[in-house]
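Observations on the three-dimensional arrangement
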Amino acid sequence: MSVIDSLKRPEHTGANRCRPCTVVNAVVVAVVGLALGVLWLPAGFVVAAIGAALVYLRGYVVPGTPSFAPRLVAAVGLSGVFEHDDEEPRQSESLDANVDPDVMLSTLLDADVLVEREDGLFLTDEARDEWESAMATLRKASDDELAEAVAAALPFEAEVAAEFDGISIDGPSMSVWISRPQAIADVATLLAVTERAVDPMVSLAATEPLRMFTEVCPECGGPVEETTVRNCCGGTAGVYDSPEHEVLGCEECGAVVYEFGDE
Ligand SMILES: [Zn+2]
(Lines give C-alpha, C1' and ligand atoms only; values in the text may rest on other atoms or scores of the structure.)
Protein backbone atom coordinates (compact mmCIF):
# COMPACT_ATOMS: atom_id res chain seq x y z
CA MET A 1 0.00 0.00 0.00
CA SER A 2 1.47 3.35 -1.02
CA VAL A 3 1.60 6.37 1.29
CA ILE A 4 -1.10 8.00 -0.82
CA ASP A 5 -3.34 4.94 -0.52
CA SER A 6 -2.89 4.86 3.23
CA LEU A 7 -4.01 8.49 3.39
CA LYS A 8 -7.11 7.89 1.30
CA ARG A 9 -10.47 7.66 2.99
CA PRO A 10 -12.84 6.11 0.44
CA GLU A 11 -15.74 6.34 2.89
CA HIS A 12 -15.50 10.14 2.70
CA THR A 13 -14.44 10.63 -0.91
CA GLY A 14 -15.61 9.68 -4.40
CA ALA A 15 -19.34 9.00 -4.45
CA ASN A 16 -19.40 9.39 -0.67
CA ARG A 17 -17.82 12.82 -0.70
CA CYS A 18 -19.90 15.27 1.26
CA ARG A 19 -19.89 18.64 -0.45
CA PRO A 20 -20.67 20.73 2.64
CA CYS A 21 -17.72 19.05 4.43
CA THR A 22 -15.38 19.58 1.50
CA VAL A 23 -16.30 23.23 1.02
CA VAL A 24 -16.17 24.08 4.73
CA ASN A 25 -12.73 22.45 4.96
CA ALA A 26 -11.46 24.12 1.79
CA VAL A 27 -12.48 27.47 3.27
CA VAL A 28 -10.76 26.66 6.59
CA VAL A 29 -7.59 25.57 4.75
CA ALA A 30 -7.63 28.71 2.60
CA VAL A 31 -8.13 31.00 5.61
CA VAL A 32 -5.39 29.31 7.64
CA GLY A 33 -3.07 29.31 4.61
CA LEU A 34 -3.70 33.00 3.97
CA ALA A 35 -3.22 33.92 7.62
CA LEU A 36 0.11 32.06 7.76
CA GLY A 37 1.06 33.47 4.35
CA VAL A 38 0.73 36.98 5.75
CA LEU A 39 3.24 36.06 8.47
CA TRP A 40 5.57 34.02 6.30
CA LEU A 41 4.67 33.33 2.68
CA PRO A 42 6.27 29.84 2.29
CA ALA A 43 4.46 28.55 5.40
CA GLY A 44 1.15 29.71 3.94
CA PHE A 45 1.83 27.89 0.67
CA VAL A 46 2.89 24.66 2.40
CA VAL A 47 -0.13 24.58 4.73
CA ALA A 48 -2.55 25.41 1.91
CA ALA A 49 -1.03 22.73 -0.35
CA ILE A 50 -0.99 20.01 2.31
CA GLY A 51 -4.48 20.96 3.50
CA ALA A 52 -5.90 20.88 -0.02
CA ALA A 53 -4.26 17.49 -0.69
CA LEU A 54 -5.71 16.06 2.52
CA VAL A 55 -9.20 17.38 1.78
CA TYR A 56 -8.91 15.81 -1.68
CA LEU A 57 -7.72 12.44 -0.36
CA ARG A 58 -9.60 12.19 2.93
CA GLY A 59 -12.74 14.29 2.43
CA TYR A 60 -11.92 16.63 5.32
CA VAL A 61 -9.08 17.74 7.63
CA VAL A 62 -10.89 19.48 10.47
CA PRO A 63 -11.68 16.76 13.04
CA GLY A 64 -15.38 16.05 13.46
CA THR A 65 -16.35 17.80 10.23
CA PRO A 66 -19.16 15.36 9.31
CA SER A 67 -20.94 16.17 12.55
CA PHE A 68 -20.97 19.94 12.15
CA ALA A 69 -20.43 20.96 8.51
CA PRO A 70 -23.89 20.03 7.17
CA ARG A 71 -25.58 21.77 10.10
CA LEU A 72 -23.32 24.80 9.68
CA VAL A 73 -24.16 24.95 5.99
CA ALA A 74 -27.88 24.54 6.81
CA ALA A 75 -27.66 27.24 9.51
CA VAL A 76 -26.33 29.83 7.06
CA GLY A 77 -29.04 28.87 4.57
CA LEU A 78 -26.78 27.31 1.94
CA SER A 79 -27.90 23.69 2.07
CA GLY A 80 -29.84 24.11 -1.18
CA VAL A 81 -26.50 24.74 -2.88
CA PHE A 82 -25.25 21.29 -1.92
CA GLU A 83 -27.71 18.77 -3.12
CA HIS A 84 -26.43 15.28 -2.54
CA ASP A 85 -26.50 13.63 -5.97
CA ASP A 86 -29.45 15.86 -6.90
CA GLU A 87 -31.71 13.70 -4.80
CA GLU A 88 -32.57 13.41 -1.14
CA PRO A 89 -31.33 10.11 0.26
CA ARG A 90 -34.19 7.72 0.71
CA GLN A 91 -35.27 6.66 4.13
CA SER A 92 -35.94 2.97 4.35
CA GLU A 93 -39.43 2.02 5.47
CA SER A 94 -40.47 -1.20 7.15
CA LEU A 95 -42.58 -4.16 6.20
CA ASP A 96 -45.60 -4.13 8.41
CA ALA A 97 -48.27 -6.60 9.37
CA ASN A 98 -51.26 -6.12 11.58
CA VAL A 99 -50.20 -8.57 14.27
CA ASP A 100 -50.58 -8.10 18.02
CA PRO A 101 -47.03 -7.63 19.44
CA ASP A 102 -47.80 -10.03 22.32
CA VAL A 103 -48.97 -12.71 19.90
CA MET A 104 -45.83 -12.16 17.82
CA LEU A 105 -43.57 -12.45 20.86
CA SER A 106 -45.18 -15.62 22.20
CA THR A 107 -45.16 -17.18 18.71
CA LEU A 108 -41.44 -16.43 18.27
CA LEU A 109 -40.67 -17.83 21.73
CA ASP A 110 -42.72 -21.00 21.04
CA ALA A 111 -40.96 -21.48 17.70
CA ASP A 112 -37.52 -21.20 19.35
CA VAL A 113 -36.67 -18.11 17.33
CA LEU A 114 -36.28 -16.07 20.49
CA VAL A 115 -35.35 -17.16 23.96
CA GLU A 116 -36.02 -15.25 27.17
CA ARG A 117 -33.19 -15.06 29.68
CA GLU A 118 -32.74 -13.10 32.88
CA ASP A 119 -31.08 -10.23 31.06
CA GLY A 120 -33.52 -10.02 28.19
CA LEU A 121 -34.61 -11.51 24.89
CA PHE A 122 -32.12 -13.19 22.56
CA LEU A 123 -32.14 -14.98 19.26
CA THR A 124 -31.59 -18.69 19.74
CA ASP A 125 -28.28 -19.91 18.34
CA GLU A 126 -30.02 -22.12 15.75
CA ALA A 127 -32.30 -19.33 14.57
CA ARG A 128 -29.31 -17.01 14.31
CA ASP A 129 -27.36 -19.57 12.26
CA GLU A 130 -30.26 -20.05 9.86
CA TRP A 131 -30.91 -16.32 9.63
CA GLU A 132 -27.28 -15.40 9.02
CA SER A 133 -26.73 -18.12 6.45
CA ALA A 134 -29.84 -16.97 4.56
CA MET A 135 -28.42 -13.44 4.65
CA ALA A 136 -25.06 -14.68 3.38
CA THR A 137 -26.76 -16.29 0.37
CA LEU A 138 -28.94 -13.24 -0.37
CA ARG A 139 -25.92 -10.93 -0.07
CA LYS A 140 -24.56 -12.39 -3.31
CA ALA A 141 -27.77 -11.69 -5.22
CA SER A 142 -28.02 -8.87 -7.74
CA ASP A 143 -30.64 -6.19 -7.06
CA ASP A 144 -33.04 -7.86 -9.50
CA GLU A 145 -32.49 -11.29 -7.96
CA LEU A 146 -33.08 -9.77 -4.52
CA ALA A 147 -36.34 -8.22 -5.76
CA GLU A 148 -37.42 -11.69 -6.94
CA ALA A 149 -36.51 -13.16 -3.56
CA VAL A 150 -38.57 -10.48 -1.80
CA ALA A 151 -41.58 -11.17 -4.06
CA ALA A 152 -41.29 -14.91 -3.43
CA ALA A 153 -40.94 -14.52 0.35
CA LEU A 154 -43.78 -12.05 0.92
CA PRO A 155 -46.99 -13.68 2.16
CA PHE A 156 -49.08 -11.75 -0.38
CA GLU A 157 -48.99 -10.82 -4.05
CA ALA A 158 -47.05 -7.64 -4.67
CA GLU A 159 -45.23 -5.81 -7.39
CA VAL A 160 -41.61 -5.81 -6.37
CA ALA A 161 -38.88 -3.96 -8.23
CA ALA A 162 -35.25 -3.01 -7.72
CA GLU A 163 -35.33 0.78 -7.58
CA PHE A 164 -33.21 3.61 -6.18
CA ASP A 165 -30.54 1.21 -4.81
CA GLY A 166 -33.19 -0.66 -2.88
CA ILE A 167 -36.44 -2.53 -3.30
CA SER A 168 -39.87 -1.04 -3.78
CA ILE A 169 -42.88 -3.11 -2.87
CA ASP A 170 -46.38 -2.32 -4.01
CA GLY A 171 -48.89 -4.66 -2.45
CA PRO A 172 -52.57 -4.68 -1.53
CA SER A 173 -52.00 -3.18 1.92
CA MET A 174 -48.56 -1.60 1.72
CA SER A 175 -46.50 0.47 -0.61
CA VAL A 176 -42.97 0.83 0.74
CA TRP A 177 -39.37 1.24 -0.27
CA ILE A 178 -36.74 -0.62 1.71
CA SER A 179 -32.97 -0.36 1.47
CA ARG A 180 -30.96 -3.26 0.12
CA PRO A 181 -29.42 -4.22 3.51
CA GLN A 182 -32.86 -4.17 5.08
CA ALA A 183 -34.35 -6.22 2.24
CA ILE A 184 -31.62 -8.86 2.73
CA ALA A 185 -32.26 -9.05 6.49
CA ASP A 186 -36.04 -9.09 6.10
CA VAL A 187 -36.17 -11.79 3.40
CA ALA A 188 -33.81 -13.87 5.55
CA THR A 189 -36.23 -13.40 8.46
CA LEU A 190 -39.22 -14.42 6.34
CA LEU A 191 -37.39 -17.54 5.17
CA ALA A 192 -35.83 -18.56 8.49
CA VAL A 193 -38.86 -17.85 10.67
CA THR A 194 -41.54 -19.21 8.35
CA GLU A 195 -39.39 -22.35 8.06
CA ARG A 196 -40.16 -22.89 11.77
CA ALA A 197 -43.87 -23.26 11.05
CA VAL A 198 -44.61 -19.68 12.08
CA ASP A 199 -47.57 -17.98 10.38
CA PRO A 200 -46.07 -15.95 7.50
CA MET A 201 -47.91 -12.81 8.65
CA VAL A 202 -46.23 -13.15 12.05
CA SER A 203 -42.87 -13.59 10.31
CA LEU A 204 -43.64 -10.44 8.36
CA ALA A 205 -44.39 -8.54 11.56
CA ALA A 206 -41.12 -9.88 13.02
CA THR A 207 -38.93 -8.50 10.25
CA GLU A 208 -38.37 -5.11 11.84
CA PRO A 209 -37.95 -6.14 15.50
CA LEU A 210 -35.59 -8.99 14.58
CA ARG A 211 -33.21 -6.58 12.89
CA MET A 212 -32.43 -5.33 16.40
CA PHE A 213 -30.60 -8.63 16.96
CA THR A 214 -28.31 -8.25 13.96
CA GLU A 215 -24.63 -8.87 14.63
CA VAL A 216 -23.37 -9.01 11.04
CA CYS A 217 -24.15 -6.54 8.30
CA PRO A 218 -26.74 -7.97 5.88
CA GLU A 219 -25.09 -6.12 3.02
CA CYS A 220 -21.37 -6.88 3.50
CA GLY A 221 -21.03 -9.25 6.46
CA GLY A 222 -19.06 -6.66 8.47
CA PRO A 223 -19.58 -6.09 12.20
CA VAL A 224 -22.64 -4.11 13.28
CA GLU A 225 -22.45 -1.57 16.09
CA GLU A 226 -24.74 0.85 17.86
CA THR A 227 -24.02 4.23 16.41
CA THR A 228 -25.67 7.43 15.30
CA VAL A 229 -26.71 8.41 11.80
CA ARG A 230 -23.96 10.49 10.35
CA ASN A 231 -25.73 12.97 8.19
CA CYS A 232 -23.26 12.88 5.34
CA CYS A 233 -20.04 11.23 4.22
CA GLY A 234 -21.45 7.79 3.54
CA GLY A 235 -24.21 8.23 6.08
CA THR A 236 -27.79 7.74 5.11
CA ALA A 237 -29.82 10.71 6.22
CA GLY A 238 -30.34 14.13 4.74
CA VAL A 239 -29.04 17.40 6.06
CA TYR A 240 -32.17 17.99 8.11
CA ASP A 241 -32.25 14.62 9.82
CA SER A 242 -30.84 14.36 13.29
CA PRO A 243 -27.27 13.03 13.18
CA GLU A 244 -27.72 11.92 16.79
CA HIS A 245 -30.44 9.42 15.84
CA GLU A 246 -29.47 6.04 17.36
CA VAL A 247 -29.11 3.22 14.88
CA LEU A 248 -27.52 -0.16 14.42
CA GLY A 249 -25.08 0.40 11.62
CA CYS A 250 -22.31 -1.43 9.84
CA GLU A 251 -18.80 -0.40 10.85
CA GLU A 252 -17.53 -1.25 7.39
CA CYS A 253 -20.03 -0.09 4.78
CA GLY A 254 -22.18 2.29 6.84
CA ALA A 255 -25.42 0.40 6.12
CA VAL A 256 -28.17 1.21 8.60
CA VAL A 257 -29.69 -2.06 9.78
CA TYR A 258 -32.09 -0.90 12.49
CA GLU A 259 -33.26 2.50 13.68
CA PHE A 260 -34.11 2.84 17.32
CA GLY A 261 -37.36 4.72 17.92
CA ASP A 262 -37.27 8.19 19.41
CA GLU A 263 -37.58 8.12 23.15
ZN1 LIG B 1 -21.75 -3.52 5.87
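Quick note: structure is the one above.
Residues numbered from 1 in each chain as written. Predicted model: local features only at pLDDT ≥ 70, side-chain atom pairs only at ≥ 80, totals over all residues. Heavy atoms only, no water.

Per the stated rule, a full pass over the model turns up 6 salt bridges. Residue Glu 215 pairs with Arg 128 through a salt bridge whose shortest N-O separation is 3.5 Å. Highlighted residues: Glu 215 in the loop between helix 9 (200-211) and strand 6 (224-228) and Arg 128 in helix 6 (residues 125-139), separated in sequence by 87 residues. The class for Glu 215 is partly exposed, based on a relative accessible area of 47%. Arg 128 sits in the buried class, given a relative accessible area of 14%. The partner of Arg 196 in a salt bridge is Glu 130, with the nearest N and O atoms 3.1 Å apart. One end of the pair, Arg 196, is in the loop between helix 8 (180-194) and helix 9; the other, Glu 130, is in helix 6, with 66 residues separating them in the sequence. In this structure Glu 130 comes out as partly exposed when scored by relative accessible area, which is 34%. Connected through salt bridges with shared partners, the residues Arg 128, Glu 132 and Glu 215 form a single ionic network. (Salt bridge = Lys/Arg side-chain N within 4 Å of Asp/Glu carboxyl O. Helix = DSSP H or I, 4+ residues; strand = E, 2+ residues; numbered from the N terminus. Buried < 20%, exposed > 50% of the residue type's maximum accessible area, 1.4 Å probe, protein only.)

If you walk across this open sheet you meet the 3 strands as 3-4-5, and the pairing is antiparallel. Looking at the sheet topology across the chains shown, the edges are occupied by strand 3 (159-163) and strand 5 (175-179). Across this sheet, the average inter-strand angle for adjacent strands is 20°, counted without regard to direction. Pairing of strand 3 with strand 4 (residues 166-170) involves 5 bridges; the strand directions are antiparallel. Counted as the bridge partner of Val 160 is Ile 169 from strand 4. The sheet contacts of helix 7 (residues 143-153) involve strand 3 and strand 4, and relative to strand 3 the element is tilted by about 155°. The sheet contacts of helix 8 involve strand 4 and strand 5, and relative to strand 5 the element is tilted by about 100°. (Pairing = 2+ DSSP bridges. Axes fitted to C-alpha atoms, helices over the stretch in contact; angles between N-to-C directions. Contact = heavy atoms within 4.5 Å.)

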